[in-house]
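In case you want the letters, here they are:
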Amino acid sequence: QVQLVESGGGLVQAGGSLRLSCAASGSFFSINTMGWYRQAPGKQRDLVASITSGGRTVNVDSVKGRFTISRDNATVYLQMNSLKAEDTAVYYCFATVLTHGGTFFTNWGQGTQVTVSS
């Protein structure tokens, strides 16, 4: 069992900043990739950014230069600057872990709302 606890969402004006955090805990051998997806109303859930255990990052084009993903062992952060109204969504943390049984499994957080007012 893996638990992901997210924090840091909220309401911010356009141009402002927020920092999301997601802490993983539970029973697993190691964590491979952590990151964030987001889902706006009426749209599919899309990747925002991810980071591997080795520090390799992926950022989608729409957030490059504005969002920065980082990681401290089992906690992943998403620093969001220059926020735009189109960044409004529920942000979901994920963690792909290597279980003690030797398989990979992706776990999800409960989601945190980010609302950017224009």
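Rules used in this analysis
- Residues numbered from 1 in each chain as written.
- Predicted model: local features only at pLDDT ≥ 70, side-chain atom pairs only at ≥ 80, totals over all residues.
- Heavy atoms only, no water.
- Phe/Tyr/Trp six-rings, centres within 6.5 Å; stacked < 30°, edge-to-face > 60°.
- Helix = DSSP H or I, 4+ residues; strand = E, 2+ residues; numbered from the N terminus.
- Buried < 20%, exposed > 50% of the residue type's maximum accessible area, 1.4 Å probe, protein only.
- Pairing = 2+ DSSP bridges.
- Axes fitted to C-alpha atoms, helices over the stretch in contact; angles between N-to-C directions.
- Polar contact = N/O pair within 3.5 Å; in protein donor to acceptor, adjacent residues only side chain to side chain.
- Contact = heavy atoms within 4.5 Å.
- Salt bridge = Lys/Arg side-chain N within 4 Å of Asp/Glu carboxyl O.

> Provide a residue-level description of the packing of aromatic side chains, including the pertinent values.
Considering all chains together, one arrives at three aromatic pairs under this definition. For the ring pair Tyr-37 and Phe-94, a centre distance of 5.4 Å and an interplane angle of 75 degrees mean the geometry is edge-to-face. Of this pair, Tyr-37 sits in strand β4 (residues 30-39) while Phe-94 is found in strand β9 (residues 89-98), placing the two residues 57 residues apart along the sequence. For Tyr-37, a relative accessible area of 25% puts it in the partly exposed group.

> Tell me what's going on with the sheet that holds strand β3 (residues 18-26), and back it up with residues and numbers.
By way of backbone hydrogen bonds, the strands of a sheet pair with one another, either parallel or antiparallel. Strands sit in the order β1-β3-β8-β7 across an open sheet of four strands; the sheet is antiparallel. In this open sheet, the two strands that pair with only one neighbour each are β1 (2-7) and β7 (67-72). Within the sheet, the average angular offset between the axes of one strand and its neighbour, ignoring direction, is 15 degrees. Across six bridges, β1 lies against β3 in antiparallel orientation. If you follow Leu-4 over to β3, its bridge partner there is Ala-24.

> Give me the lowdown on the side chain of Thr-112, citing residues and values where you can.
Within the secondary structure, Thr-112 is located in strand β11 (residues 112-117). In terms of polar contacts, Thr-112 uses its side chain to reach the backbone amide nitrogen of Gly-9, at 3.4 Å. Excluding residues within four positions of it along the chain, Thr-112 makes contact with Glu-6, Gly-9, Leu-20, Ala-89, Val-90 and Tyr-91.

> Hey, could you go over the environment of Glu-6 for me, with residue numbers and the actual values?
Among the secondary structure elements, Glu-6 is positioned in strand β1. Taking relative accessible area as the criterion, Glu-6 reaches 8% and is therefore assigned buried. Note: C-alpha distance between Glu-6 and Ala-23 (17 residues apart in sequence) is 6.6 Å. Aside from chain neighbours lying at most four places away, what touches Glu-6 is Ser-21, Cys-22, Trp-36, Tyr-91, Tyr-92, Cys-93, Gly-109, Gln-110, Gly-111 and Thr-112.

> I'd like a rundown of the pattern of salt bridges, residues and numbers included.
Applying the stated rule across the entire model yields three salt bridges. As a salt-bridge pair, Arg-66 and Asp-87 come within 2.7 Å of each other at their nearest N and O atoms. You can see Arg-66 sitting in the loop between β6 (57-59) and β7 and its partner Asp-87 sitting in the loop between β8 (75-80) and β9, a full 21 residues away along the chain. There is no split in this pair, since Arg-66 and Asp-87 are both buried.

> How would you explain the pairing of β8 if you had to name every residue and give the values?
Regular strands place their side chains on alternate faces of the sheet. Taken across its six residues, β8 has five buried, putting it largely inside the fold. Bridge analysis of β3 against β8 gives six bridges, and the strand direction is antiparallel. Note on β8: the bridge partner recorded for Cys-22 is Val-76. Direction of pairing for β7 relative to β8: antiparallel, over a ladder of six bridges. Bridge pairing in β8 links Ile-69 to Leu-78. Here β7 hands over to β8 after two residues, with Asn-73 in that stretch at a positive phi of 60 degrees.

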